[in-house]
Amino acid sequence: MQNKLEMMRIFCVAAESRNFKEAATQLGISPQVVTRAIKELEEQRGEILFYRSTRQIKITADGERLAKQARLAVESIDALLVKDTKEKRDEMRGTVRITVSSVLGRKVVVPALAEFATRYPDIVVDCVLTDSHSDVIDERIDIGIRFGFLPDNRYVARELAKVKFYSVGTPELIDKVGMPKKIIDLDKYPLTALVDHKTGRYWPWTFTESRSFTPSKPRFITDDLEAEFQAILAGVGFGHMPGFLVLPWLRSGKLIQILHEETSPVWRLYLYRPQRGPTPLRIRALFDYLVEVLGHIET
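The shown structure was predicted, so the numbers you read here are calculated from the model rather than taken from an experiment.

Chemist: Sorry, what's going on with the overall build of the protein chain here?
Modeler: When helices and strands are tallied, the protein chain shows 10 helices and 14 strands. Reported as C-alpha extents along the three principal axes, the dimensions of the protein chain are approximately 100 × 35 × 35 Å. Of all 299 residues assigned to the protein chain, the portion counted as buried reaches 42%. When the accessible surface of the protein chain is split by element, carbon and sulfur atoms take 51% of a total near 17100 Å².

Chemist: Can you walk me through the sheet that holds strand E13 (residues 256–257) in this structure?
Modeler: Pairing between the strands of a sheet comes from backbone hydrogen bonds, and it takes one of two forms, parallel or antiparallel. As summarised here, the arrangement of the three strands in space is E12-E7-E13, forming an open sheet in which the pairing is antiparallel. Whereas interior strands pair on both sides, the edge strands pair on one side only; in this sheet they are strand E12 (239–242) and E13. Here strand E7 (residues 165–169) pairs with E13 via two bridges, running antiparallel. Following the sheet pairing, Gly-169 is matched in E13 by Ile-256. Relative to E12, helix H8 (residues 225–233) is tilted by about 125 degrees, and along the sheet it contacts E7 and E12. The strands touched by helix H9 (residues 243–252) are E7, E12 and E13; relative to E12, the strand with the most contacts, the crossing angle is about 105 degrees.

Chemist: Help me out: how do you make sense of the pairing of strand E14 (residues 267–274) in this one?
Modeler: The side chains of a regular strand alternate, residue by residue, between the two faces of the sheet. Burial of E14 is extensive: six of the eight residues sit out of reach of the surface. In this sheet, E14 lies alongside strand E5 (residues 143–147) in antiparallel orientation, the contact comprising four bridges. Looking at E14, one finds that Ile-145 is bridged to Leu-271. Bridge analysis of strand E6 (residues 155–163) against E14 gives eight bridges, and the strand direction is antiparallel. The residue of E14 that forms the bridge with Glu-159 is Tyr-270.

Chemist: Sorry if this is basic, but what is going on with the side chain of Ser-167 here?
Modeler: Mapping Ser-167 onto the fold places it in strand E7. Here the side chain of Ser-167 touches His-240 through a polar contact of 3.0 Å, side chain to side chain. Every residue in contact with Ser-167, bar those within four places of it in the chain, is listed here: Trp-205, Phe-207, Gly-239, His-240, Ile-256, Gln-257, Ile-258 and Leu-259.

Chemist: Honestly, the packing of helix H2 (residues 20–27) against helix H3 (residues 31–45) in this entry has me stumped. Any pointers?
Modeler: Close contact between H2 and H3 brings their axes to 8 Å; oriented N to C, the two are set at 110 degrees. Taken together, the axes of H2 and H3 lie roughly perpendicular to each other. H3 is crossed by H2, and the crossing has right-handed handedness. Judged by residue contacts, Phe-20, Lys-21, Ala-23 and Ala-24 of H2 engage Pro-31, Val-34, Thr-35 and Ile-38 from H3. Looking at side-chain class alone, the contact of H2 with H3 contains six nonpolar, one polar and one charged residues.

Chemist: I would appreciate a short explanation of the domain arrangement of the protein chain in the present structure.
Modeler: How big an interface is tends to be stated in terms of the accessible area lost upon association of its parts. In terms of domains, the protein chain is made up of domain 1 (2–81), domain 2 (94–158 + 268–293) and domain 3 (164–255). Each of domain 1 and domain 2 was reduced to a C-alpha centroid, and the two centroids are 47 Å apart.

Chemist: Would you mind showing me how to read the pairing of strand E3 (residues 94–100) here?
Modeler: Note that E3 and strand E4 (residues 123–129) share seven bridges and pair parallel. Each bridged residue has a counterpart across the sheet, and for Thr-99 the counterpart in E4 is Val-128. Regarding topology, helix H6 (residues 102–119) serves as the crossover connection from E3 to the parallel E4, and that connection is right-handed. Direction of pairing for E3 relative to E5: parallel, over a ladder of two bridges. In the sheet register, Thr-99 faces E5, and the bridge partner there is Gly-144.

Criteria and cut-off values
- Residues numbered from 1 in each chain as written.
- Predicted model: local features only at pLDDT ≥ 70, side-chain atom pairs only at ≥ 80, totals over all residues.
- Heavy atoms only, no water.
- Helix = DSSP H or I, 4+ residues; strand = E, 2+ residues; numbered from the N terminus.
- Buried < 20%, exposed > 50% of the residue type's maximum accessible area, 1.4 Å probe, protein only.
- Areas by Shrake-Rupley, 256 points an atom, 1.4 Å probe, with all protein chains shown as cover.
- Pairing = 2+ DSSP bridges.
- Contact = heavy atoms within 4.5 Å.
- Axes fitted to C-alpha atoms, helices over the stretch in contact; angles between N-to-C directions.
- Polar contact = N/O pair within 3.5 Å; in protein donor to acceptor, adjacent residues only side chain to side chain.
- Parallel < 35°, antiparallel > 145°, perpendicular 65-115°, else oblique.
- Left-handed = near helix turned anticlockwise from the far one by under 90°.
- Nonpolar A, V, L, I, M, F, W, Y, C, P; charged D, E, K, R; others polar.
- Domains from an automatic or database assignment.
- Right-handed = clockwise from strand over helix to strand, strands pointing away.

And the structure:
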């Protein structure tokens, strides 16, 4: 009936109680469970452990000897299963390595990491800003943040946000060259382009219904999203940008959305860490903190 460790735990509490009902109340179980556990233990031992009456119980001499041994055994096992305070403190020291895309890192994640580092001065945050997808397993990354899909189930992942993209330009550029009305007309206007590090090609502007557009003769080309954004703000050309970059500028009127009738599919932003056994408290602390903080970013 009983798990043997749980049976001994019940016996130890009963040994210090006036009756089985009192023991049951302390353990949060029914008196019947206590009675059955003691009965089974007595049967296994082949000896009476308690004298019973209608109002109280009294532990026998054999019961006293067993209770002394049982307390030591249960305490020893509990100590193995529960980390002590010093061990927990040690787990809140050391390094947590995190990887995130450059522009998202600078604009959103690094300020959050700075606040975390202030709260936990014994934790070293090693932040890798890169626009290449890092293999968190091979490169010993503890936490990653990325757009799109996660490759497999080796990761514990949380979706942080759905990021929208906007086609935008400055009012000055629109006054000068006009406003594009349709996707097919875009190549007639000055555009910016972002180079994909993997393929060496330009990232396409994506729209709903699986439609996309790739600039054929951009006026400004870069492999850095923030550099492209600065070129758009300077009025060099129209571009396709994530909401976390452009929304404040759209509200201020310094950028204007074009192609209003064309919407882009959202990109999912994930926070993830590898599943590789027990996770130290410092990694869980930063992971949970980023879930809370980045779950409210404007996208």
